[in-house]
Structures are given as structure tokens and as C-alpha cells.
Amino acid sequence: MVTVSLCMIVRNEEDVLARCLETAASLVDEIVIVDTGSADRTREIAERFTSRVYHFDWIEDFAAARNYAFSLAEMDYCMWLDADDVILEADQAAFQTLKETLDPAVNVVMAKYNTGFDAYGNVTFSYFRERLIKNHAGMRWEGAVHEAITPVGQVLYSDFAITHRKLRPSDPERNLRIYEKQLEQGAELEPRQQFYYGRELYYHQRYEEAVQTFERFLSEGRGWVENNIDACCHCAYCYERMNQPEKALQALFRSFAFDRPRAEVCCELGRWFFQRENLPLAIYWYSLALTCSRKDSRGGFVSPDCYGYLPCIQLCVCYSRLGDLERGARMNELAAAFKPDAAAVLHNRAFFQSLEPKGTEDA
């Protein structure tokens, strides 16, 4: 059985660190905690789980901090977690099975990262990340923000997932601040960092700058296909907020130049036409979303609702507005197959039931 070092970088995480380590400690063979300058009880909590707690001066470079943490690992594989991550019980069992069966020839184990949830706890946003990295195999973290390791050699897509459960927002200015400091110092952002810089500009409502950054990223032709598609979507979001809906539509169509349609893009197109009361075309795109194959191992950001619930519930509305109540009711029940307790499903079902003819009582 392979051995695993859990390597974490932390700062002021007293509210979540114990929760994280309680779900992971029994699964790993070593815990390495690197503190980057906590002013709370983070270090004290970390020392309850491991004696291997170290300090690293924060230099606004996540890759540098993670590489330092990985350099201290002594086991076969290094695993990273953020302090507000947890490993759910079912995923703990899957992780243990992986450890017992993993071929040592595997260099990188990819695991799903669940980061968005609805009111019922269903996953609404996820993507695969490199989670276990073979120690001493020459792979390093890159990127001061949104750091990543480029996998080399044999890669395995695993069955376990990591669940991201924030209790509070992180510094909303931090990532953008780091990027702009790099640019002020004359750094040239490599494609992945350029893509994420565009997203940070979008989050900060600097839409024109975001579009310029995404357009530059796309025109250089060096981006990963999933990032290219997402960049097109974010251009569309920016154009909509800049009150340029036709350009938003063009940006969504541009994504098809990189690969076959994703359900997420089809749902955005459905929404575009729905908002303009072009219900036949909205129906076309929502219906197409239902035909798109979901393949999480492509590595892109995945919105599971776009592969079932969302297009079904929107088709229910579209057909109902066109007067096809029978088909609308049928689409609502298809949506219920994905989310039986969703408020929209229950509301629609009550509406359709109210239209059913009432039986006459015996005289």
C-alpha cells in the first residue's frame, strides 16, 4: 500500500482547520502543516494533529508556499487540502480503497473538487484537480495565484472527491492584488494565469478590462481547450453587463470553435433566447443541452444542473408559455427526476394539478 503525506498551507484558519484534519488524519501517513503568518490559534490547533508544523514567510505566492510544504514530505505521495476542505465519509472509504490498490507507477491522482452546492446540499459546481502527486517526481506548483501542477507520466482519475465548505469569504482583493503587482513589476502572465486574471477582473466588475484580457488570451492560441471555452462564456457575461447582448451571443457561439457544445454553453444560449421571448430557439438550445455528454475527466468546470435539471425545468416553462401544457408537465416531471424536492418542481406540479378537471360528486 502506498503512503501519503498531507501537505497544507494555512493562515488564520482556527475556525475550520480542526474540522478539515478530523476528516483526513486517519487516512494519511504524515501531516505537514506550513503556516504563513497566523495571528490566531491556527498553529495550536495544527499541533494537536501533528508535530510537523513549520513557518513560511508569506511572499504573495501560493506556488512557493505549496512547493515548500511538499519539499518537507517524506511519504510516497503528497496530497494537498485547503483548510476549509473536508473529506466526506463516503469519500474517506473511497480514498482508503485507492491507497490500498494504487499502482505505484501512477504519477498523479486526479480527484473531483466539489465547490458549489444548492440548498439541499446537491453539488452544483465541480471540477477535477490534481490531488495526489508522486513525491520526488520533479513536478512543482506554478502560479502565484490559482496555482497548479502540470501532470506528467501516468495519470489516474479517482472515485473520491474533496468537498470545499467555506464558513467565511476570503480576502476578495487578494488575487487581483497579486496579479496586478506582478504586472506592475513587468511580469508576463502565462496563458493559465492570464485566463484567471481575466476572471478576477470580471469578479471585480471591470468588464472592459476583463474582455480585453480574455480576448488576448484567446487570440494567442496557447490556452487549454476548457479554459478557452470558459473564457468565451465570461466574455459573454461581460458583454451582457456592458449592455451589448449581440456580442454576448457571438461570444457564446465562439466557444464551438474549440470543441463540441457543452451543456453549460447550451443553457446560456437557451437563457439568452428565453430572456428575449424567443421561445422556439430557447427550446432548441435547452433541448440540445440534454443531449450533451457530461465528461468530468475533461477537467473543465462542470455545472451538473446543466446536464439535467436546469434544461428540463426551463423547457417546462417554455412549453407552458407556448400553450403546450401537456409537454410542459412532462418536462417538469423529468426535472423532478433530478431534483424531486426543488421548489420550482413542486410549484409547477401544483399548477398543473390545479388545471386538471375536477370530478363531479354523486347527487
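See the structure printed just above.
Read on for an overview of the structure. Computed from a predicted structure; not experimentally measured. (Residues numbered from 1 in each chain as written. Predicted model: local features only at pLDDT ≥ 70, side-chain atom pairs only at ≥ 80, totals over all residues. Heavy atoms only, no water.)

Regarding the side chain of Arg129
So, point 1. Here Arg129 lies in strand S7 (residues 123-134).
So, point 2. Among the polar contacts listed, one links the side chain of Arg129 to the backbone oxygen of Glu147, at a separation of 3.1 Å.
So, point 3. For Arg129, the residues in contact, after removing those within four places along its chain, are Trp80, Val109, Met110, Ala111, Tyr113, Trp141, Glu147 and Ala148. (Helix = DSSP H or I, 4+ residues; strand = E, 2+ residues; numbered from the N terminus. Polar contact = N/O pair within 3.5 Å; in protein donor to acceptor, adjacent residues only side chain to side chain. Contact = heavy atoms within 4.5 Å.)

Thoughts on the pattern of salt bridges
So, point 1. Summed over all chains, the structure comprises 31 salt bridges.
So, point 2. For the salt bridge of Asp15 with Arg168, the shortest nitrogen-to-oxygen distance reads 2.8 Å. With a gap of 153 residues between them, Asp15 in the loop between strand S1 (4-10) and helix H1 (17-24) and Arg168 in the loop between strand S10 (154-164) and helix H5 (174-184) connect regions that are remote in the sequence.
So, point 3. Given a relative accessible area of 35%, Asp15 falls into the partly exposed group.
So, point 4. Linking Arg327 and Asp324 is a salt bridge whose minimum nitrogen-to-oxygen distance equals 3.6 Å.
So, point 5. Assessed through its relative accessible area of 28%, Asp324 is described here as partly exposed.
So, point 6. The structure contains a network of salt bridges with shared partners spanning Glu60, Asp171, Arg177 and Lys181. (Salt bridge = Lys/Arg side-chain N within 4 Å of Asp/Glu carboxyl O. Buried < 20%, exposed > 50% of the residue type's maximum accessible area, 1.4 Å probe, protein only.)

Observations regarding the state of the cysteines
So, point 1. In total, this model carries 0 disulfides according to the counting rule given.
So, point 2. Its sulfur unpaired, Cys78 is 4.4 Å from the next cysteine sulfur, which belongs to Cys7.
So, point 3. Cys78 gets classed as buried once you look at its relative accessible area, which sits at 1%.
So, point 4. Free of any disulfide, Cys267 has its nearest neighbouring cysteine sulfur in Cys306, separated by 4.0 Å.
So, point 5. Overall, Cys267 belongs to the buried group, its relative accessible area being 5%. (Disulfide = S-S within 2.5 Å.)

Things to note about the pairing of strand S2 (residues 30-35)
So, point 1. Of all 6 residues in S2, 6 are buried, a share of seventy percent or more.
So, point 2. Once you follow S1 into H1 and on to S2, the crossover reads as right-handed.
So, point 3. Where S2 lies against strand S3 (residues 53-55), 3 bridges are found, and the strand directions are parallel. If you follow Asp35 over to S3, its bridge partner there is His55.
So, point 4. In this fold, S2 hands off to helix H2 (residues 42-47), which returns the chain to S3; that crossover is right-handed. (Right-handed = clockwise from strand over helix to strand, strands pointing away. Pairing = 2+ DSSP bridges.)

Some words on the packing of H5 against helix H6 (residues 191-203)
So, point 1. Two numbers describe how H5 lies on H6: the axes approach to 10 Å, and their chain directions differ by 125 degrees. When the axis of H5 is compared with that of H6, the two are oblique. The handedness of the crossing between H5 and H6 comes out as left-handed. Residues Asn175, Leu176, Tyr179, Glu180 and Leu183 of H5 form the contact with H6, whose participating residues are Gln193, Tyr196, Tyr197, Glu200 and Leu201.
So, point 2. Among the residues making up the contact of H5 with H6, the classes are represented as 6 nonpolar, 2 polar and 2 charged. (Axes fitted to C-alpha atoms, helices over the stretch in contact; angles between N-to-C directions. Parallel < 35°, antiparallel > 145°, perpendicular 65-115°, else oblique. Left-handed = near helix turned anticlockwise from the far one by under 90°. Nonpolar A, V, L, I, M, F, W, Y, C, P; charged D, E, K, R; others polar.)

What about the packing of helix H8 (residues 225-241) against helix H9 (residues 245-254)?
For any two helices packed against each other, the geometry is given by the interaxial angle and the distance between the axes.
So, point 1. Two numbers describe how H8 lies on H9: the axes approach to 8 Å, and their chain directions differ by 175 degrees. Taken together, the axis directions place H8 and H9 in an arrangement best described as roughly antiparallel. On H9, the residues touching Cys232, Cys233, Cys235, Ala236, Tyr239 and Glu240 of H8 are Pro245, Lys247, Ala248, Ala251, Leu252 and Arg254.
So, point 2. Looking at side-chain class alone, the contact of H8 with H9 contains 9 nonpolar, no polar and 3 charged residues.

Brief notes about the sheet that holds S7
So, point 1. An order of S3-S2-S1-S4-S7-S6-S10-S5 is seen for the 8 strands of this open sheet, with the pairing classed as mixed. The open sheet terminates on both sides in strands that have one partner only, identified here as S3 and strand S5 (85-86).
So, point 2. Of the strand pairs in this sheet, S5 and S10 are connected by 2 bridges, and their pairing is antiparallel. Residue pairing across strands places Asp85 opposite His164, the latter belonging to S10.

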